[in-house]
Amino acid sequence: MQGIGITIQVLIGSIILGYLMAFIAGFCRLSKNPIIKYLTTFYVEVFRGTSLIVQLFWLYYALPILFGIDLGSDYLAGVLAIALNYGAYMSEIVRGSILAVSKGQTEAATALNMSSFQRMRLVIFPQAVRMMLPEFGNYLIQMLKATSLVSLIGMTDILYYGDILRSNNLSQAPTVYFLVLIFYFIMALPLIWLTKKMEAASKKGVA
């Protein structure tokens, strides 16, 4: 129970920053500016193509040693690692959903003399968001599970205290890890419910 607070704090921070990164990177990859587009593509491919654990260790251990960049707290390192990793994955959902909107919608908006910003804000983006919702819901659960990795950098989350209990009494290891599993499952239940609601919302009014 002592570790629930840290787990929830890391999850909330990761969700906020992760979705923000997803939308920024998703829109940047659609940019007509080649520099912005290629820099964003580089970020997405690096964070999708490498392990989240390695990214966490890089932010927490390697950056201060190699570049003198100290993030100042293990919380920030943990949240950044999870958010940047899942933000890279979700940016593809944002980009793909926007591109999936029928070109006829854009042509109709253009015929109504809408600017490019108006077309995106009023016509394309609202339709794209409906397509994003189911996958975004799934990534909520993925990020909850990823929070367990912050115990590797000394954060006192659920798994951290589970490891302490296990190390004090090795014979209780199966019981301890079973309880850790139950804790994560109980915390995931509201996210599973929310995911189903998001899926239902995405289907409303769709033939």
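What counts, and at which threshold
Residues numbered from 1 in each chain as written. Predicted model: local features only at pLDDT ≥ 70, side-chain atom pairs only at ≥ 80, totals over all residues. Heavy atoms only, no water. Helix = DSSP H or I, 4+ residues; strand = E, 2+ residues; numbered from the N terminus. Buried < 20%, exposed > 50% of the residue type's maximum accessible area, 1.4 Å probe, protein only. Polar contact = N/O pair within 3.5 Å; in protein donor to acceptor, adjacent residues only side chain to side chain. UniProt positions renumbered as here; feature names shortened; annotations may be inferred. Patch = residues over 30% accessible without salt bridge, like charges linked within 9 Å, V, L, I, M, F, W, Y side chains within 5 Å. Areas by Shrake-Rupley, 256 points an atom, 1.4 Å probe, with all protein chains shown as cover. Salt bridge = Lys/Arg side-chain N within 4 Å of Asp/Glu carboxyl O.

Visitor: Hey, could you go over the side chain of S148 for me, with residue numbers and the actual values?
Guide: Here S148 shows up in the loop between α6 (116-146) and α7 (158-168). Owing to a relative accessible area of 17%, S148 belongs among the buried residues under this scheme. At 2.8 Å, the side chain of S148 and the backbone oxygen of K145 are in polar contact.

Visitor: An account of the UniProt feature "domain: ABC transmembrane type-1" (unreviewed entry) in the protein is needed here, citing residue identities and associated values.
Guide: Under the UniProt annotation, "domain: ABC transmembrane type-1" (unreviewed entry) lies at residues 1-189. For residues 1-189, the end-to-end C-alpha separation is 17 Å, with 80% helix and 0% strand making up the annotated structure.

Visitor: Would you mind going over the side chain of E92 in detail, with residue names and values included?
Guide: For E92, the location among the structural elements is in helix α4 (residues 74-100). What makes E92 buried here is its relative accessible area of 18%.

Visitor: Lay out a nonpolar patch on the surface in plain terms, naming residues and giving numbers.
Guide: Among the surface-exposed residues, I53, V54, F57, W58, Y61, I65, L66, F67, I69 and L152 lie close enough to one another that they form a single nonpolar patch of about 980 Å² accessible area. Tracing the backbone shows W58 in helix α3 (residues 52-66). On the basis of relative accessible area, W58 is assigned to the partly exposed category, the value being 42%.

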